[in-house]
Amino acid sequence: MKTILGFDYGTRWIGVAAGQTLTGTATALQPLMAKDGVPRWEEIEGLLQEWKPQLVIVGLPLNMDGTESELSQRARKFGNRIHGRFGVDIGFWDERLSSFEAKGDIIEQRHSKQFKQMKVDSLSARLILESWMRSQPE
């Protein structure tokens, strides 16, 4: 069983989720504020210390044709900085439809307090992480 953290990178908010491969499920955590895409690195360090993940997955917001956008390049840089600062293994995952799906989840379950309180970004991080886990061989 591996513990994995997932991030949905954004310039104002960075969604966060924690998951484990035994069940293939993830939980949305409190999103992190970012200033022009720069997080408070001590918050990332705190998450890494708390969850002790064996892997971090960062969503790549690719264009619909699969090419990289400016934001996907920034997300890649964010993941590489996590690796460089903290030495944790990093993976990247196509997140093209995760924010759209997360907004659908909120609309569908709008009566649920948990969904109202959780930002779309962290729900997207959860979907990114669960999608990545589903894609892995048994």
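Residues numbered from 1 in each chain as written. Predicted model: local features only at pLDDT ≥ 70, side-chain atom pairs only at ≥ 80, totals over all residues. Heavy atoms only, no water.

1. Things to note about the confidence of the model for the chain
For the chain, the mean per-residue pLDDT works out to 86, and 83% of the residues sit at or above 70. Taken element by element, the chain is modelled with least confidence in helix α4 (residues 113-117), mean pLDDT 49, and with most confidence in helix α1 (residues 41-51), mean pLDDT 98. (pLDDT = per-residue confidence, 0-100. Helix = DSSP H or I, 4+ residues; strand = E, 2+ residues; numbered from the N terminus.)

2. Considerations on the environment of Lys2
Relative to the elements of secondary structure, Lys2 occurs in the segment before β1 (3-8). The spatial distance from the C-alpha of Lys2 to the C-alpha of Gly19 is 8.3 Å, given a sequence separation of 17 residues. Setting aside residues no more than four positions away along its own chain, Lys2 makes contact with Gly19, Gln20, Thr21 and Gln54. (Contact = heavy atoms within 4.5 Å.)

3. A few points about the pairing of β1
With 6 of 6 residues buried, β1 lies mostly within the body of the structure. Residues Thr3, Leu5 and Phe7 of β1 are buried on one face, and the alternating residues Ile4, Gly6 and Asp8, pointing to the opposite face, are buried as well. Relative to strand β2 (residues 13-20), β1 runs antiparallel, the two sharing 6 bridges. Residue Gly6 lies in a different strand from β2, and its bridge partner there is Ala17. Taken together, β1 and the strand that follows it, β2, pair antiparallel across an intervening segment of 4 residues. Note that β1 and strand β5 (residues 55-60) share 4 bridges and pair parallel. If you follow Leu5 over to β5, its bridge partner there is Val56. (Buried < 20%, exposed > 50% of the residue type's maximum accessible area, 1.4 Å probe, protein only. Pairing = 2+ DSSP bridges.)

4. A few points about the side chain of Ser69
With respect to the element layout, Ser69 can be found in the loop between β5 and α2 (70-86). Taking the relative accessible area as the measure of exposure, Ser69 reaches 17% and is therefore buried. Residues within four places of Ser69 in sequence aside, it is in contact with Pro61 and Asn63.

5. Here's the deal with the nonpolar core
Taken as a class, soluble globular proteins show a tendency for nonpolar side chains to be buried jointly. Core analysis: the biggest nonpolar cluster contains 21 residues, and Leu5, Phe7, Ile44, Val56, Phe78 and Ile82 have the highest contact counts within it. Listing elements by their share of this core, those giving two or more residues are β1, β2, β3 (25-35), α1, β5 and α2. Those residues in contact with Leu5, other than ones at most four positions away along the chain, are Ala17, Ala18, Leu29, Leu47, Leu48, Trp51, Pro53, Leu55, Val56, Ile57 and Leu129. Grouped together as the second largest cluster of nonpolar side chains are 10 residues, Ile4, Ala17, Ile57 and Trp132 included. (Core = buried A, V, L, I, M, F, W, Y, C linked by side-chain atoms within 4.5 Å.)

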